[in-house]
Structure formats: structure tokens, C-alpha cells
Amino acid sequence: EDDSTLNISQGEEFFITLLVNDEETASPSIEILSKPEWITFNSVSKTFTSERTTNDEVGAHEIIVRVSDTENNVEKGFTLEVSNTNDAPIWTNVSEYSATQGQEFSINLNNKVSDPDDGSAAPTLTVTKKPEGADFDPVTGILSWTPESESFVGSPETNTVTAIAADLEVETTTQFTINVGDRNDQPIANKKTASDQVIEGVWTSGTEIAGSLASLAMVVDPDTSDPISSLSVSIDGNEPSSPTSSV
């Protein structure tokens, strides 16, 4: 007989039983001359079976069988055609990322996604959530961000990125967090007027001036985890200007 073709779709299992008849021999021998490695053959039940086929099995596969009795043998071949189905894009190696306050962070999301279907165009990327001030270029796939605010330090919910990769039919979503490390910000000196000094503090003879001025909140440190360790003040007897400070 002419060789034939059997068809299944990617994602389906393969199962077929050989029907062998020999009028002279009750149990002719069966030898498998060719088959894919992912297909198994049970010589007792005379069945070919496989697990669910994946994108790796897409294509044509030849199976050749030889059936023999004591005097004769015959070979039979057929082709198993596994047709492709559309697979969703796959995100890989997406995890938590680190950035530093005040420094630019960037990541190319095109390098984190692929389409397992051979010959398919690159997936289309969209970012539906990103930190305030972050930019995303859908053409290059680059997400860039310079976290300036102290509120971004750590990994709060505001630092989460949600991205979607889509082909013509299906899409997949990934999410990751950018953990921002703190920088040492310069303390900020607040300008105080004479009226502020009268209302907020009273200086008397023998009082430590530096301590009194510190109680007026003349200097603040944007780094909440860094208390001010020292305060130096100059007094010239004139209308106060912006104080100087050091840590």
C-alpha cells in the first residue's frame, strides 16, 4: 500500500494501534525502523503513544515499521504531521531589579520576551503600570526611570511595573518591582525670621545656642533614616539668612 499521512495538532497526544494480520503466523514480529524519540512503541499492545505535543514537535515525522514471519517481511511507512497552533509570548528572567535614588535605571523589555512560534514577528509590548516619572518606548522596548524622590526608596507599590506582550491572537502579562536604594541627601537649612525665633524659642544666658537653634527645626534631613549628627551655626547679629549646616 502507499504510505499515508496522519495529522494531529500541537497540544494533542498521538495514539495509534497497529493492525497486523498473517494467515500463517499467529504472532509475526514487529520491528520499528524509524520513529521520533518522543513517540514510544509498546510491542505487546502494538501501540504508538506520546505525551502532549509541544512547539518542539511541530512538523513532519516519519515512522517505518517492518513486520516479519519466518519467511517473509514487509515494511510499512507513514508520516505523522504535527500542525502548529499559536503559542502565547513567553517572559523569561523577569524578577526584582535594583536602582539607586538619583541615578537613571533602564531595562530593555524586548530582551525579556520571545515568541516560541517559528517565524513569528516580535511580540508587541505595552506597559500598563510604571513608577511616576518613568518612560517607556514601545519601539525600542526600553523602560527608563530616574527615581529622585525619597518616597521611592525601598520597594513600595509605586515602584511596580506591569507589562503585556501580545501577538496577533494571545497575550501574556508580567510584573516586577524596582527596589530603590537610598542616597545620602544634603540636609536642608530652613530660613528663620526674627519673629520665628521669638515665637518658637527663648534664649537665656547660659543656654546652649546650638541646641536652641536645633529645636527651631532650622535644619532637616530628607533621609528619614539619617538623623542629623551635628549642627554648626554662625551668629552675626543681623537679620537671619539661610543657616548653614553640616552632618
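For the structure given in this document, a descriptive report is provided here.

As for the overall build of the protein
Inference 1: Helix and strand content of the protein: two helices and 18 strands.
Inference 2: Expressed as a percentage of the 247 residues in the protein, the buried residues total 32%.
Inference 3: In the protein, once contacts between residues fewer than 6 apart in sequence are set aside, the share between residues at least 24 apart is 65%.
Inference 4: Accessible surface for the protein amounts to roughly 15,300 Å². Of this, 47% is attributable to carbon and sulfur atoms.

Here we look at the side chain of aspartate 87
Inference 1: Turning to its location among the elements, aspartate 87 is positioned in the loop between β7 (73–83) and β8 (90–91).
Inference 2: Summary of buried charges: aspartate 87 has no salt-bridge partner, and the nearest side chain of opposite charge, arginine 52, is 9.0 Å away.
Inference 3: Only 2.9 Å separates the side chain of aspartate 87 from the side chain of glutamine 10, close enough to count as a polar contact.
Inference 4: In this structure, aspartate 87 is in contact with Gln10, Asn55, Asp115, Pro116, Asp117, Asp167 and Val170, ignoring residues within four places of it in sequence.

A short note on the pairing of strand β10 (residues 105–108)
Inference 1: Burial along β10 is one-sided: Phe105 and Ile107 are buried, and none of Ser106 and Asn108, which face the opposite way, are.
Inference 2: Bridge analysis of β10 against strand β14 (residues 142–145) gives four bridges, and the strand direction is antiparallel. The residue bridging serine 106 from the neighbouring strand is serine 144, located in β14.

As for the sheet that holds strand β4 (residues 39–42)
Inference 1: In spatial order, the strands read β2-β5-β4; together these three strands make up an open sheet with antiparallel pairing. Only two strands of the sheet have a single neighbouring strand rather than two, namely β2 (15–17) and β4. Here the strands of the sheet are splayed against their neighbours by 20° on average, with no regard to which way each runs.
Inference 2: Relative to strand β5 (residues 47–50), β2 is paired through three bridges, and the arrangement is antiparallel. Across the sheet, residue threonine 17 finds its bridge partner in β5, namely threonine 47.

A closer look at the pattern of salt bridges
Inference 1: In the structure shown here, the tally under the stated rule is four salt bridges.
Inference 2: For arginine 66, the salt bridge is made with glutamate 75, and the minimal N-O distance between the two is 2.9 Å.
Inference 3: You can call arginine 66 partly exposed: its relative accessible area is 25%.
Inference 4: The partner of glutamate 148 in a salt bridge is arginine 183, with the nearest N and O atoms 3.3 Å apart. Residue glutamate 148 is found in the loop between β14 and β15 (160–166), and its partner arginine 183 is found in the loop between β16 (171–181) and β17 (188–189); the two are separated by 35 residues along the sequence.
Inference 5: Looking at glutamate 148, the relative accessible area reads 42%, which means it is partly exposed.
Inference 6: Here the salt bridges share partners, and the residues they tie into one network are Glu31, Arg66 and Glu75.

Description of the nonpolar core
Inference 1: In this structure, Trp91, Leu109, Leu125, Leu143, Phe176 and Ile178 are the most contacted members of the largest nonpolar core, which totals 20 residues.
Inference 2: Of all the elements in the fold, those that place two or more residues in this core are β9 (97–100), β10, β12 (124–129), β14, β15 and β16.
Inference 3: Counting residues in hydrophobic clusters, the runner-up holds 11 residues, among them Ile39, Val65, Val67 and Phe78.

Describing the packing of aromatic side chains
Inference 1: Applying the stated criterion to the full structure yields five aromatic pairs.
Inference 2: Judged by centre distance (6.3 Å) and plane angle (80°), the ring pair of phenylalanine 48 and phenylalanine 78 falls under edge-to-face. One end of the pair, phenylalanine 48, is in strand β5; the other, phenylalanine 78, is in strand β7, with 30 residues separating them in the sequence. Like phenylalanine 78, phenylalanine 48 is buried.
Inference 3: Each ring, one from tyrosine 97 and one from phenylalanine 105, has its centre 6.4 Å from the other, and the planes form 50°; the classification is tilted.
Inference 4: Looking at phenylalanine 105, the relative accessible area reads 9%, which means it is buried.
Inference 5: Here a set of aromatic residues connected by ring pairs shows up, and it is made of Phe41, Phe48 and Phe78.

Notes on the sheet that holds strand β13 (residues 135–137)
Inference 1: The strand order across the open sheet built from three strands is β10-β14-β13, with neighbouring strands paired in antiparallel fashion. Sheet topology places β10 and β13 at the edges, where each strand pairs with a single neighbour. Going across the sheet, the axis of each strand differs from the next one's by a mean of 15°, ignoring polarity.

Quick notes on the pairing of β9
Inference 1: By the alternation rule, side chains of β9 split into Tyr97 and Ala99, which are all buried, and Ser98 and Thr100, of which none is buried.
Inference 2: Where β9 meets β16, four bridges bridge the pair, whose relative direction is parallel. Within β16, the position partnered with tyrosine 97 by the bridge is isoleucine 178.

Rules behind the numbers
Residues numbered from 1 in each chain as written. Predicted model: local features only at pLDDT ≥ 70, side-chain atom pairs only at ≥ 80, totals over all residues. Heavy atoms only, no water. Helix = DSSP H or I, 4+ residues; strand = E, 2+ residues; numbered from the N terminus. Buried < 20%, exposed > 50% of the residue type's maximum accessible area, 1.4 Å probe, protein only. Contact = heavy atoms within 4.5 Å. Areas by Shrake-Rupley, 256 points an atom, 1.4 Å probe, with all protein chains shown as cover. Lys, Arg positive; Asp, Glu negative; His and termini not counted. Salt bridge = Lys/Arg side-chain N within 4 Å of Asp/Glu carboxyl O. Polar contact = N/O pair within 3.5 Å; in protein donor to acceptor, adjacent residues only side chain to side chain. Pairing = 2+ DSSP bridges. Axes fitted to C-alpha atoms, helices over the stretch in contact; angles between N-to-C directions. Core = buried A, V, L, I, M, F, W, Y, C linked by side-chain atoms within 4.5 Å. Phe/Tyr/Trp six-rings, centres within 6.5 Å; stacked < 30°, edge-to-face > 60°.

Fair warning: the whole summary comes from geometry, so function is off the table for now.
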